Amino acid sequence: MTLRLSRPKDMRIRIEGELAAGVTAKDVALHIIAALGSNGAKGHIVEFAGSTVYAFDMEARMTLCNMATELAAFGAVIAPDEKTFAWLKGRPFAPGGDTWPTALSQWRALFSDVGAGFASEHVFDAARMRPMVTWGTSPQQAVPLGMPVPEVADSARALDYMDLQPGTALEGLAIEGAFIGSCTNSRISDLRRAAAVIEGHKVAPGVRAICVPGSSSVKAQAEAEGLDRIFTAAGFEWRESGCSMCFFAGGESFGADQRVISSTNRNFESRQGPRTRTHLASPETVAASALAGAIVAPPLPGVPDQKIANLGKAPV
């Protein structure tokens, strides 16, 4: 059997500069999707590049490439560098022994030539990016935390589904569910960062909070590090690895009309259950919101005495 496809065009998305404290790869992805639209890379292979991208660790790069699907990209790549090679060395199924030098020499050739042309190119300033949250039923319907729901043409259906109006403040909006998981944001680094937010605190009353590691190996590593005990002590459900409530497949779901903040990659209508209202954000924002009982910004790394757990449940 042969699947005939038109050859994808190439697109380069460059992100330059230093991110503000608390801004993650998930926030970067949502910023780009909001700017370019959910069809912004349709029919293209995307190459992510720039100083910001190369400052990311490997798992952050994976999150960024994963979210390219929400740009309708055919695929996404980042040219390998020394971080890539160090991450690969010694891993299961990676070349080893005498084959490692040969593989390394081949991988070092996998980069775009200086001056290479692309069918399209976009450049983003990392300094302008902030923690993001979605307000509608598409990943492109996202704004920086602290900004209200915008007035956007043809958004009546999304606003009706989400029970929101233009001008509504998203920060402080009460939630009933919080979900950390999915192929986008359930790697060990995601779980470590979320655990750092919730450690020593409790999930707000009335919020159902769930954490699902992305794989059995991630789950085992998290449990070896004691992350599972941090989550359960805070009031999160600690689940077996898998897709879980990243999407509703006729089994368990969040409730109808419940408002949920989620680290997943999609927020379509009924994605997490019939009529469940899903807001996408980073694992840190999800963790902080679970403690507050409302959508809130995550605490800044290294800033002490941020009283997230004492915010209480915000009014509807």
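As shown above, the structure is provided for reference.
Starting from 1, residues in each chain are numbered consecutively following that chain's sequence as written. Thresholds applied to this predicted model are a pLDDT of at least 70 for local features of residues and 80 or more for the giving and counting of side-chain atom pairs; totals over whole chains, interfaces and linings are not thresholded and use all residues. Hydrogens and water are ignored here; the side-chain numbers use all heavy atoms of the structure.

K.L.:
Is there a simple way to think about the pairing of strand β7 (residues 177-180) in this case?
P.N.:
Looking along a regular strand, one sees side chains alternate from face to face of the sheet. Alternating positions in β7 separate into two faces, Gly177 and Phe179 on one and Ala178 and Ile180 on the other, with burial throughout. A pair of strands is treated as paired once DSSP finds two or more bridges between them. Numbering goes from the N terminus for both helices and strands, where a helix is a DSSP run of H or I of at least four residues and a strand is a run of E of at least two. Sheet analysis places β7 next to strand β8 (residues 208-211), joined by 4 bridges and oriented parallel. When the sheet's bridge partners are listed, isoleucine 180 is paired in β8 with cysteine 211. Following the chain from β7 across helix α7 (residues 188-198) to the adjacent parallel β8, one finds a crossover that is right-handed. Where β7 meets strand β10 (residues 259-262), 3 bridges bridge the pair, whose relative direction is parallel. By the bridge assignment for β10, alanine 178 is matched with isoleucine 261. Per-residue accessibility, obtained with a 1.4 Å probe over protein chains only, is compared with the maximum for each type, and a residue is labelled buried under 20%, exposed over 50%, and partly exposed between these values. With its strands directed away from the observer, a crossover is right-handed exactly when the path from the first strand over the helix to the second travels clockwise.

K.L.:
Can you walk me through the nonpolar core in this structure?
P.N.:
A general feature of soluble globular proteins is that nonpolar side chains tend to end up buried together. For our purposes a nonpolar core is just a set of buried Ala, Val, Leu, Ile, Met, Phe, Trp, Tyr and Cys residues, chained together by side-chain atoms within 4.5 Å. Membership of the largest hydrophobic core comes to 43 residues, with the highest contact counts inside it found for Leu164, Leu170, Ile180, Leu191, Ile198, Phe231 and Phe236. Of all the secondary structure elements, the ones that give two or more residues to this core are α6 (156-162), β7, α7, β8, α8 (216-224), α9 (227-234) and α10 (283-292). If near-sequence neighbours (up to four positions away) are discounted, leucine 170 is found in contact with Val133, Trp135, Val143, Met147, Val149, Leu164, His279 and Ile295. In this structure, Val23, Ala25, Phe48 and Ala126 belong to the second largest nonpolar core, which totals 28 residues. Here, two residues are considered to be in contact whenever any of their heavy atoms come within 4.5 Å of each other.

K.L.:
What am I meant to see in the state of the cysteines here?
P.N.:
As used in these notes, a disulfide is a covalent bond between sulfur atoms, one from each of two cysteines. Cysteine sulfurs are considered disulfide-paired once they come within 2.5 Å of each other. This model, assessed by the stated rule, comprises 0 disulfides. Not part of a disulfide, cysteine 243 finds its nearest cysteine sulfur in cysteine 246, a span of 6.1 Å. With no disulfide partner, cysteine 246 has as its closest neighbouring cysteine sulfur the one in cysteine 183, 6.1 Å distant. Residue classification places cysteine 246 among the buried positions, given a relative accessible area of 5%.

K.L.:
Would you take a moment to explain the environment of histidine 31 for this structure?
P.N.:
Here histidine 31 shows up in helix α1 (residues 25-36). Linking histidine 31 and glutamine 141, residues 110 residues apart in sequence, is a C-alpha distance of 9.8 Å. Contacts of histidine 31, omitting those with residues within four sequence positions, involve Phe124, Arg128, Met129 and Met132.

So, to be careful, I would describe these as geometric facts and stop short of saying anything about function.
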